[in-house]
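Descriptive analysis of the structure
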Amino acid sequence: MRKCIKCGEKAQVYLPQHRLSLCKQHYLEWFDNRVEKTIKEFKMFNRKDKVLVAVSGGKDSLSLWKSLINLGYDADGFYINLGIGEYSQKSYELAKSFSEKVGKTLHVVSLYKEMVPIPEMRKYDSRPACSVCGTVKRYYMNKFAKENGYKIIATGHNLDDEAAVLFSNTLNWSVEYLKRQYPVLPEEDGFIRKVKPLCKISEKESAMYAVLSGIDYIEEECPFSEGATSIDYKMFLAQLEEKSPGTKLRFYSEFLRKMYPILKQSEEKPKLQPCKICGEPSTNEICAFCNLKMKISQKEAKA
Amino acid sequence: MEIKVRYRGEDKVLTFEKDKVKAKDILKALGLSKDYAFVVKNGEIVEENEPITQNDEVRVVNAISGGLL
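The following paragraphs examine the structure supplied in this document. Values in this document were obtained by computation on a predicted structure and should not be read as measured data.

Description of the overall build of chain B
On a plain count of helices and strands, chain B comes out with one helix and seven strands. Overall, chain B shows an N-to-C arrangement of helices and strands of β-β-β-α-β-β-β-β. Taking the principal axes of the C-alpha coordinates as reference, chain B spans close to 40 × 25 × 20 Å. Going through the 69 residues of chain B one by one, you find that 49% of them count as buried. Here the contacts in chain B between residues at least 6 apart in sequence split such that 44% fall between residues at least 24 apart. Accessible area of chain B: about 3,800 Å², with a carbon and sulfur share of 42%. Separation between the mean location of the 12 positive side-chain charges and that of the 13 negative ones in chain B comes to 3 Å.

Listed below in structure tokens is the structure:
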């Protein structure tokens, strides 16, 4: 039986990459400390900032929200009802009940009211559902945060997400994406600062935190994410991790430490301008979101 | 031996040919790796060599999720 290195009680969690065995209480403490350390390492925000946590009802966003509250940050939640059938219904209920439990505000935007739900949007846009969904989420997150006085948007992207996207960008030598792969995207030209405080916490660590904190989260996968390439990359990295614990953390951390500073030197910032329709920042005259909205209204008019 | 497990919001029954089942056998039966999945027995996260019996309440958590990165 493994024992907690802090108190000698029975350990529930073993973290091979850190060579740590921890009981429930000390694991929860370890997690909160790691989140705090990451926030400080990348100068993400401080306790005076109003933080908006992008909440999906999944383990990562709810664990992040819980941890920020434990650490004494001023953090509210923001949920977008994507209109993906039972999946959205269930995830909304879980996000809502969590917000009530912790006594924090959950702001909600519904695509039923704002435009059309994601399944319908797919008829108007040939891109994969995840890309369309990403455009919509980024637009509403930024707009809502700005209009409601939030200085920071925190998302639940974890180490596995970051390592998988780094792997994909490296595999394709997507240099322009690599230049922007940093856990803090600064506030500029109409964009609110976006941060990823779980970037050094694995998906498993995040799930264990949710389970041990008694967080009820949606375990089912979004029906549109089935077969996503990101999962293949994660499975591949998991194989490496099993053979050599710490591989993912090393791959990502060393990229940030050694490669990112070199890439950043040659970064040419895209020229942003306010979208002619909605005024949100965009690299083109009309932003991706308004383009999508136009496609929808044009096709609806034809039908 | 049959073990009932809760996995991704659904109840499943796993059948094993042996009488002594461990947490790692459950992960294996579901095709999962310990790198991203774990077993919760009677409310506690357990290590891979933990014995599991028919009387235990078992939940399997697969932490991997996909979608847009």
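Things to note about the packing of helix α7 (residues 159–171) of chain A against helix α10 (residues 229–243) of chain A
Residues and elements named next belong to chain A. Two elements in contact, α7 and α10, have axes whose closest approach is 9 Å; the angle formed by their N-to-C orientations is 100°. Looking at the two axes, α7 sits roughly perpendicular to α10. Here Asp160, Asp161, Ala163, Ala164, Phe167, Ser168 and Leu171 of α7 come into contact with α10, specifically with Ser230, Tyr233, Lys234, Phe236 and Leu237.

Brief notes about the pairing of strand β7 (residues 58–62) of chain B
All names here are of chain B. By the criterion of burial, β7 is predominantly enclosed, with four of the five residues buried. Relative to β7, strand β1 (residues 2–7) is paired through three bridges, and the arrangement is parallel. Along β7, the bridge assignment pairs Tyr7 with Val60. Pairing of strand β4 (residues 37–41) with β7, which is carried by five bridges, proceeds in the antiparallel orientation. Bridging across to β7, Lys41 finds its partner in Val58.

A look at the sheet that holds strand β4 (residues 74–81) of chain A
Residue and element names in this part refer to chain A. One open sheet accounts for six strands, arranged β5-β4-β3-β6-β8-β7; its pairing is mixed. The sheet is open, and its two edges are formed by β5 (106–110) and β7 (184–185), each paired on a single side. Relative to β5, β4 runs parallel, the two being bridged by five bridges. What sits directly across from Gly77, in β5, is Leu106. In this fold helix α2 (residues 59–70) packs onto β3 (50–54), β4, β5 and β6 (152–154), with an angle of close to 160° to the strand it touches most, β3. Packed onto the sheet, helix α3 (residues 85–102) meets β4 and β5 and runs at close to 160° relative to β4.

Re the interface of chain B and chain A
Listed per partner, the contact involves 23 residues of chain B and 35 residues of chain A. Interface area for chain B against chain A, summed over the two sides, is near 2,600 Å², with a carbon-plus-sulfur share of 56%. Joining chain B to chain A, the criterion identifies four salt bridges. In this structure, Asp35 of chain B engages Lys248 of chain A in a salt bridge whose closest nitrogen and oxygen atoms are separated by 3.2 Å.

Thoughts on the pattern of salt bridges
Residues and elements named next belong to chain A. Per the counting criterion, the structure on display carries 27 salt bridges over all chains. For Lys234, the salt bridge goes to Glu203, with nearest N and O atoms at 3.0 Å. Of this pair, Lys234 sits in helix α10 while Glu203 sits in helix α9 (residues 203–212), and the two are 31 residues apart along the sequence. For the pair formed by Lys234 and Glu203, the shared burial category is buried. Sharing partners across several salt bridges, the network here consists of Lys59, Asp60, Asp161, Glu203 and Lys234.

Scoring rules and cut-offs
- Residues numbered from 1 in each chain as written.
- Chains lettered and ligands numbered in written order.
- Predicted model: local features only at pLDDT ≥ 70, side-chain atom pairs only at ≥ 80, totals over all residues.
- Heavy atoms only, no water.
- Helix = DSSP H or I, 4+ residues; strand = E, 2+ residues; numbered from the N terminus.
- Buried < 20%, exposed > 50% of the residue type's maximum accessible area, 1.4 Å probe, protein only.
- Contact = heavy atoms within 4.5 Å.
- Areas by Shrake-Rupley, 256 points an atom, 1.4 Å probe, with all protein chains shown as cover.
- Lys, Arg positive; Asp, Glu negative; His and termini not counted.
- Charge placed at Lys NZ, Arg CZ, Asp CG, Glu CD.
- Axes fitted to C-alpha atoms, helices over the stretch in contact; angles between N-to-C directions.
- Parallel < 35°, antiparallel > 145°, perpendicular 65-115°, else oblique.
- Pairing = 2+ DSSP bridges.
- Buried area = accessible area lost by both parts, 1.4 Å probe.
- Salt bridge = Lys/Arg side-chain N within 4 Å of Asp/Glu carboxyl O.

Read these as spatial facts, not as claims about activity.
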